[in-house]
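Below are the chains, spelled out letter by letter.
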Amino acid sequence: ARNPSAPPVMTMNGHFASTGENQDFEHGVQIIDQDKNFNGNLPQYLQAERITKAGFNYHLISVFGSQSTGKSTLLNYLFGTAFGVMSESERRQTTKGIWMSKNKKEHFNERQERSMAENILVMDVEGTDGRERGEDQDFERKSALFALATSEVLIVNIWEHQVGLYQGANMGLLKTVFEVDLQLFLKNAKNVTKSLLFFVIRDHLGTTPLTNLKQTLMQDLERIWSSLSKPQGLEKSKIGDYFDFTFVALPHKILQPQKFEEEVAKLGTRFREGYVDPKRAGLVEDPNDPVLLPQYHRRIPADGFPHYAEGIWEQIDSNKDLDLPTQQELLAQFRCDEISKEVLVPFDGVVAPLEERQNNAISAGKPTVLPDLGKTIGNARQTALKSFEEEASRYHKGVFKRKQTELENKIDGRLKTLFQGQLSAAHKSGIHDFSDAVAAAVKAGQKKGGNYDFYKIVQTEKSKAIKRFESEAQASLVTGTPWSDFGSQLNLYRKELDEVSGRLRKEEMRRLATRSERWVRSRLGESVGLEFNKLGSGRGGSGAPAEGEKPAEKDLWDRIWALFTDTVSHAESRFTERARSFDASPDEVEVGLWRLRRKSWAALRDKIDEEMMEGNLLLKLRENFEDKFRYDEEGVPRIWRPTDDIEGLYTKARESTLELIPLLSRFKLSGTSAPPPLDAWIGTPPESVTPADEEDLHPIGGVDEDEGRSLDEEMTVLSDGKRQDLATRFKKTADGVYVEAKRSAIGGVTQ
Ligand code: GDP
Ligand code: MG
């Protein structure tokens, strides 16, 4: 598949080749075409040649020289490249624009050590034709500037017979090189490193020794330098301030092909890394010295080179002043952003699903604690930051630091949200589980008979809840970050556990109160019921009262009051004991007891009212009356005879039973003939009582002042109307019994 939008690139044969995916990098890559356009394929080329990831471990070399001086041929021999060369038969210019290729040669010495540096990139620059200047000069200047701004070594290719021809095309080119270099230095005084001008003298016959050629060339170069009109401030500068020089000569390729190849191979080994004191006089002198010295390296990381080169070319081509520091900062910004994006891809792969899970859990209202969160996101964080540092720290320090902080903030912002969400989930689910666990334990205790230790349950569940929170929070910590700390959240958590415990204890108090009330109610139901049942016996249940002893009904209320206060006091002490066992406060206990007394009184009143229901009471009065009327003093049933004083007995029994009605109608103690001291017994409301505590309480006359009812009224069991009604009905019933007795007496005689 071809990429139709990619610019066409001219091949060696002058055909346009696709720059799509299946690119043909056979001849390297054309960086700048003949129309001075920058080729966007450089990144793909570096990728294909595995240089992108090389960092600073790569080198850039350019070649200069007039057209058809064997530059491309030399590079191909030296570096195994396949730059186009002019065929011997058609003498036509071949190299157009600027081409780049990676060194394909690998030289190793006898100890198997590299004698050529890794990752050498060579730029073959279109030569200038001395005959047609003018239009070409523009490209010549631009390509020289481009090469100077990027290359460590500039190979200057020159025929031996051109040496000393000061007016030759070569010298024009060198003048251009010097001029643009000065221009570059002027703009970037502190940022431009020296370049090495590596002269290769071709077709060296050997008659003139290299030393002489070198001298001649240096003289010419100095002459050119001094002829230049130097910019202000640089008038006194020397050529050696800007360039180092080295010279080699090669034999004639056609006449001495074997020697040519031997010498080229030797020359290749000089393209290795090495150290030569930068203070040594501007020449790399020894014919075996390495030329790839650290001081020449432009320090542009390989992965940023295409962008940098493009930016520089744009500046050059639009005739703008080339400001390298700005270019480097722009490059740093661009690359740091790109690297940020790259490292965030795997980071997102880990973190985004976690964020999604957390958000879903939150919106579903089901707090979820993500397992091993700290380790997972900590690793993702570290990997991202480490890769960023690895890749981006090679760029402009200031920009790198700024972008590093930006990335850290971005990453930490997201992780912090995750971490806090995690703590809040641990908090919420912890509180929830805690209440559930307490409730479950209470339920289990109730099933086993209710004898559970509420205090212990709460303490056990609380410490479990804290341990779990701590371990979940611990597993969420992100190492190396000051923000992943859970101290204050733990405090909040403890506080809420305490609050919830308080609430649960209140509930337990309520349960305890309800149990106590129920107990009182059922006890009273039985015992008070029994007391009322005794009314049914006119002789107090067990025969006639002994001499001087009151009949049972006389002290009915005393016994009920005593029963009542005993029962409640028993319930109170059990309540107190139980409430204290789970740490209820004295206030809470006090309120609980107060409520219990009031509720107990209400229970008693209910029981009394039940007993006082008309039917019940009438039945009891009838029983009471019949007991008196139909049994003799010995408890033996009477058989009526006509002679018996039925009427007298009837009246006595009836009057005696009727006396019960006023007695029953008021709750009062026999000793004082006054109501029991209910108000004192209940006591004043405790200070800590809340409206909620009072909400379900029934008002009690004589106790609650604003109730408007007196204690006497509270103690009135039967109203006057009811009393009279009851008496009337009772009399009717008694009359019935009397008539029946009468009849049976007469009937007995008849029989
Ligand atoms: P470029 O334009 O400088 O790249 O030159 P080329 O490499 O295309 O070569 C131009 C011509 O010079 C070709 O015909 C080569 O065969 C020839 N040539 C290459 N190297 C040498 C050399 O060392 N000596 C001589 N005499 N000719 C050479
Ligand atoms: Mg060429």
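Source: prediction; values computed, not measured.

Engineer: Before we move on, could you go through the overall build of the protein and cite the residues and values that matter?
Structural biologist: When you go through the protein residue by residue, the secondary structure sums to 21 helices and nine strands. When each of the 751 residues of the protein is scored for burial, the buried share is 48%. Nonlocal contacts in the protein, meaning residues at least 24 apart in sequence, comprise 75% of its contacts between residues at least 6 apart.

Engineer: Any details on the packing of helix α8 (residues 324–363) against helix α9 (residues 373–392)? Residues and values, ideally.
Structural biologist: As a packed pair, α8 and α9 sit with axes 9 Å apart at the nearest point and diverge in direction by 170°. Classified by the interaxial angle, the pair formed by α8 and α9 is roughly antiparallel. For the pair α8 and α9, the contacting residues are Cys336, Ile339, Ser340, Val343, Phe347, Val350, Val351 and Leu354 in the first and Leu373, Thr376, Ile377, Ala380, Arg381, Ala384, Ser387, Phe388, Glu391 and Ala392 in the second.

Engineer: Provide a residue-level description of the environment of Glu179, including the pertinent values.
Structural biologist: Among the secondary structure elements, Glu179 is positioned in helix α4 (residues 169–187). Taking the C-alpha atoms as reference points, Glu179 and Ala144, separated by 35 residues in sequence, lie 9.7 Å from one another. Excluding residues that lie within four positions of it along the chain, Glu179 makes contacts with Arg141 and Leu228.

Engineer: Just give me the short version of the nonpolar core, but keep the residues and values in it.
Structural biologist: If you look at the biggest cluster of nonpolar residues, it comprises 176 residues, and the most contacted ones within it are Phe178, Phe199, Phe532, Phe629, Phe667 and Leu678. If near-sequence neighbours (up to four positions away) are discounted, Phe199 is found in contact with Val156, Ile158, Leu174, Leu217, Leu221, Phe245, Thr246, Phe247 and Val248.

Engineer: Account for the sheet that holds strand β8 (residues 195–202), with residues named and values stated.
Structural biologist: Read across the open sheet, the seven strands follow the order β3-β5-β6-β4-β7-β8-β9; overall the sheet is mixed. Each edge of the sheet is formed by a strand with only one pairing partner; in this case those strands are β3 (29–32) and β9 (243–249). Neighbouring strand axes in the sheet, compared pairwise and without regard to direction, differ in orientation by 25° on average. For β8 and β9, the ladder comprises seven bridges, and the chain directions are parallel. Opposite Phe198, over in β9, you have Thr246 as the bridge partner. Set on the sheet, helix α5 (residues 210–227) makes contact with β7 (153–159), β8 and β9; between it and β9 the angle comes to about 145°.

Engineer: Requested: an account of the packing of aromatic side chains, with residues and values cited.
Structural biologist: The full count for this structure, using the stated rule, is 31 aromatic pairs. With centroids separated by 5.9 Å and ring planes inclined at 70°, the aromatic side chains of Phe564 and Trp601 adopt a geometry described as edge-to-face. Here Phe564, found in helix α13 (residues 556–581), pairs with Trp601, found in helix α14 (residues 586–611); they are 37 residues apart in sequence, far enough to count as distant. Overall, Phe564 belongs to the buried group, its relative accessible area being 0%. Aromatic side chains Phe625 and Phe730 sit 5.7 Å apart centroid to centroid with 85° between the ring planes, which places their arrangement in the edge-to-face category. Placement of Phe625 in helix α15 (residues 614–630) and of Phe730 in helix α21 (residues 720–750) is noted, with a sequence separation of 105 residues between them. The same class applies to Phe625 as to Phe730, namely buried. Connected via pairs of aromatic rings, a cluster forms that spans Phe178, Phe199, Trp225, Tyr242, Phe243, Phe245 and Phe247. It is Arg299 that lies over the ring of Phe56; its NZ or CZ is 3.9 Å from the centre. Lying over the aromatic face of Tyr452, Arg578 brings its terminal NZ or CZ to 5.3 Å of the ring centre.

Engineer: How would you summarise helix α16 (residues 646–658) if you had to cite specific residues and measurements?
Structural biologist: With 13 residues, α16 should cover 18 Å at 1.5 Å per step; its first-to-last C-alpha distance of 18 Å lies within 8% of that length. Of all the positions in α16, only Ile646, Tyr650, Ala653, Arg654, Thr657 and Leu658 are classed as buried. End-on, the buried residues of α16 take up no more than an arc of 130°, which puts them together on one face.

Engineer: How would you explain the pairing of strand β4 (residues 59–64) if you had to name every residue and give the values?
Structural biologist: On any regular strand, side chains alternate: one points to one face of the sheet, the next to the other face. Counting buried positions along β4 gives six out of six residues, so the element sits mostly inside the fold. The alternating pattern of β4 places His59, Ile61 and Val63 and Leu60, Ser62 and Phe64 on opposite faces, both of which are buried. Inspection of the sheet shows β4 paired to strand β6 (residues 120–125) by five bridges, in the parallel sense. Its bridge partner lying in β6, Ser62 is registered against Met123. Pairing between β4 and β7: four bridges, direction parallel. Bridged to Val63 within β7 is Ile155.

Engineer: Tell me what's going on with the pattern of salt bridges, and back it up with residues and numbers.
Structural biologist: Scanning the entire structure with this criterion turns up 44 salt bridges. Here Arg597 ties to Glu572 by a salt bridge, and the two come within 2.5 Å at their closest N and O atoms. Here Arg597 is found in helix α14, whereas its partner Glu572 is found in helix α13, with 25 residues between them in sequence. Accessibility classification places Arg597 together with Glu572 in one group, the buried group. Between Asp725 and Arg729 there is a salt bridge, and its shortest N-O distance comes to 3.7 Å. Of the two residues, Asp725 and Arg729 are both situated in helix α21; the distance of four residues between them amounts to about one turn of the helix. Look at the salt bridges and you will find they share partners, linking Lys36, Asp138, Lys142 and Asp317 into a network.

Engineer: Kindly report on helix α10 (residues 397–447), identifying the contributing residues and their values.
Structural biologist: Taking 1.5 Å of rise per residue, 51 residues should cover 75 Å, and α10 covers 72 Å from first to last C-alpha, within 8% of that figure. One or two positions beyond α10, positive phi appears at Gly449, with a value near 110°.

Engineer: Any chance you could break down the pairing of β9 for me, citing the residues and the numbers?
Structural biologist: Extensive coverage of β9 is indicated by the burial of seven of its seven residues. Burial along β9 is two-sided: Phe243, Phe245, Phe247 and Ala249 facing one way and Asp244, Thr246 and Val248 facing the other are all buried. Taken together, β8, α5 and β9 form a β-α-β motif whose crossover is right-handed.

Engineer: Residues and numbers for unusual backbone geometry, please.
Structural biologist: Positive phi is not limited to glycine here, since Lys36 has a value of about 65°. Relative to the helices and strands, Lys36 resides in the loop between β3 and α1 (42–48). Classification of Lys36 by relative accessible area gives partly exposed; the value is 22%.

Engineer: With reference to specific residues and values, describe the environment of Leu617.
Structural biologist: Along the polypeptide, Leu617 turns up in helix α15. Residue Leu617 is classed as buried on the basis of its relative accessible area, which comes to 2%. The spacing of Leu617 and Ile661 is 44 residues in sequence and 9.4 Å in space, taken between C-alpha atoms.

Engineer: Quick one: what's the story with the packing of helix α2 (residues 71–79) against helix α6 (residues 257–268), residue by residue and with numbers?
Structural biologist: The geometry of α2 relative to α6 is characterised by a closest axis approach of 9 Å and an angle of 70° between their N-to-C directions. Considering the angle they form, α2 stands roughly perpendicular to α6. Relative to α6, the crossing made by α2 is right-handed. Facing α2, whose interface residues are Leu74, Tyr77 and Leu78, α6 presents Phe260, Glu261, Val264, Leu267 and Gly268. Class assignment for the residues of the contact of α2 with α6 results in six nonpolar, one polar and one charged.

Rules and cut-offs
- Residues numbered from 1 in each chain as written.
- Chains lettered and ligands numbered in written order.
- Predicted model: local features only at pLDDT ≥ 70, side-chain atom pairs only at ≥ 80, totals over all residues.
- Heavy atoms only, no water.
- Helix = DSSP H or I, 4+ residues; strand = E, 2+ residues; numbered from the N terminus.
- Buried < 20%, exposed > 50% of the residue type's maximum accessible area, 1.4 Å probe, protein only.
- Contact = heavy atoms within 4.5 Å.
- Axes fitted to C-alpha atoms, helices over the stretch in contact; angles between N-to-C directions.
- Parallel < 35°, antiparallel > 145°, perpendicular 65-115°, else oblique.
- Core = buried A, V, L, I, M, F, W, Y, C linked by side-chain atoms within 4.5 Å.
- Pairing = 2+ DSSP bridges.
- Phe/Tyr/Trp six-rings, centres within 6.5 Å; stacked < 30°, edge-to-face > 60°.
- Lys NZ or Arg CZ within 6 Å of the ring centre and 35° of its normal.
- Expected span 1.5 Å × (residues − 1).
- Arc of directions from axis to C-beta.
- Salt bridge = Lys/Arg side-chain N within 4 Å of Asp/Glu carboxyl O.
- Right-handed = clockwise from strand over helix to strand, strands pointing away.
- Left-handed = near helix turned anticlockwise from the far one by under 90°.
- Nonpolar A, V, L, I, M, F, W, Y, C, P; charged D, E, K, R; others polar.

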